[in-house]
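Spelled out, the chains give:
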Amino acid sequence: MELLDLRDYPLPLFDQALSPTAAMMKEGAYPYAVSAKWTEKIGEADGFIFTVAEYNHGYSSVLKNAFDYVAKEWHKKPVAFVGYGTVGGARAVEQLRAVVAEQQMVSIRAAVHIISPWMLPKNTDGTTDLSLGDANADMMLDQLIWWGEALKIAREKDSASK
């Protein structure tokens, strides 16, 4: 497991005439040197957990920009979400599920939504009950591991047949 922080990959706002997919089809490779390091990291991974902040009922433009710089390296890989912000980032996560579907990724059903402590149930001693988040995290990780292993085998089978 490796933590990737978009601050370590300062991608400028995507302003190319061709999308990465179209550029690869035309040029046979990504013509954007700035994204080489980011694209390589994405290609190495077998799955992803995205921490998603919700702003104005959606996900951040920085995250969408990071998706837009990559094409085939996302394909056939599972993705899970940990959302935070208004309603636990649920709206941002829901919108990103459509984005990852377009990237040919498998979105894990279970997610973790971090909500404001005042919205969480309280234990009898008055402390915040975090047990629901633990159960969701366990379920999400179990699903991500299962899909990660299954899709890795499928990708290897695809590569061997080409």
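Right, let's walk through the structure included here. These numbers were taken from a predicted model, which means no experiment stands behind them.

Here strand 1 (residues 48-53) pairs with strand 2 (residues 78-84) via six bridges, running parallel. The partner of V52 across the bridge, within strand 2, is G83. Traced from strand 1 through helix 3 (residues 61-68) to strand 2, the parallel crossover comes out right-handed.

Evaluated as defined, the whole model comprises eight salt bridges. Residues K41 and E44 are paired through a salt bridge, measuring 3.3 Å at the closest nitrogen-oxygen approach. On the criterion of helical spacing, the pair formed by K41 and E44 is a turn pair, its members being three residues apart in helix 2 (residues 36-44). The shortest N-O distance in the salt bridge between D46 and K152 comes to 3.6 Å.

Right, let's get into unusual backbone geometry. We note that N56 has phi near 50 degrees; this positive angle belongs to a residue other than glycine. Following the sequence through the fold, N56 ends up in the loop between strand 1 and helix 3. The class of N56 is exposed, set by a relative accessible area of 80%. If you check the backbone angles, K76 has positive phi at about 60 degrees while not being a glycine. Along the chain, K76 falls in the loop between helix 3 and strand 2.

Below, the discussion takes up helix 4 (residues 90-102). End to end, helix 4 covers 19 Å across 13 residues, agreeing with the expected 18 Å (1.5 Å per residue, within 8%). When helix 4 is considered as a whole, its buried residues turn out to be A92, V93, L96, R97, V99 and V100. As for helix 4, its buried residues are in contact with strand 1, helix 3, strand 2, strand 3 (106-107) and strand 4 (112-114). Among the residues trailing helix 4, Q104 stands out with phi positive, at a value near 60 degrees.

Cut-offs applied
- Residues numbered from 1 in each chain as written.
- Predicted model: local features only at pLDDT ≥ 70, side-chain atom pairs only at ≥ 80, totals over all residues.
- Heavy atoms only, no water.
- Pairing = 2+ DSSP bridges.
- Helix = DSSP H or I, 4+ residues; strand = E, 2+ residues; numbered from the N terminus.
- Right-handed = clockwise from strand over helix to strand, strands pointing away.
- Salt bridge = Lys/Arg side-chain N within 4 Å of Asp/Glu carboxyl O.
- Buried < 20%, exposed > 50% of the residue type's maximum accessible area, 1.4 Å probe, protein only.
- Expected span 1.5 Å × (residues − 1).
- Contact = heavy atoms within 4.5 Å.

On their own, these measurements won't tell you what the molecule is for.
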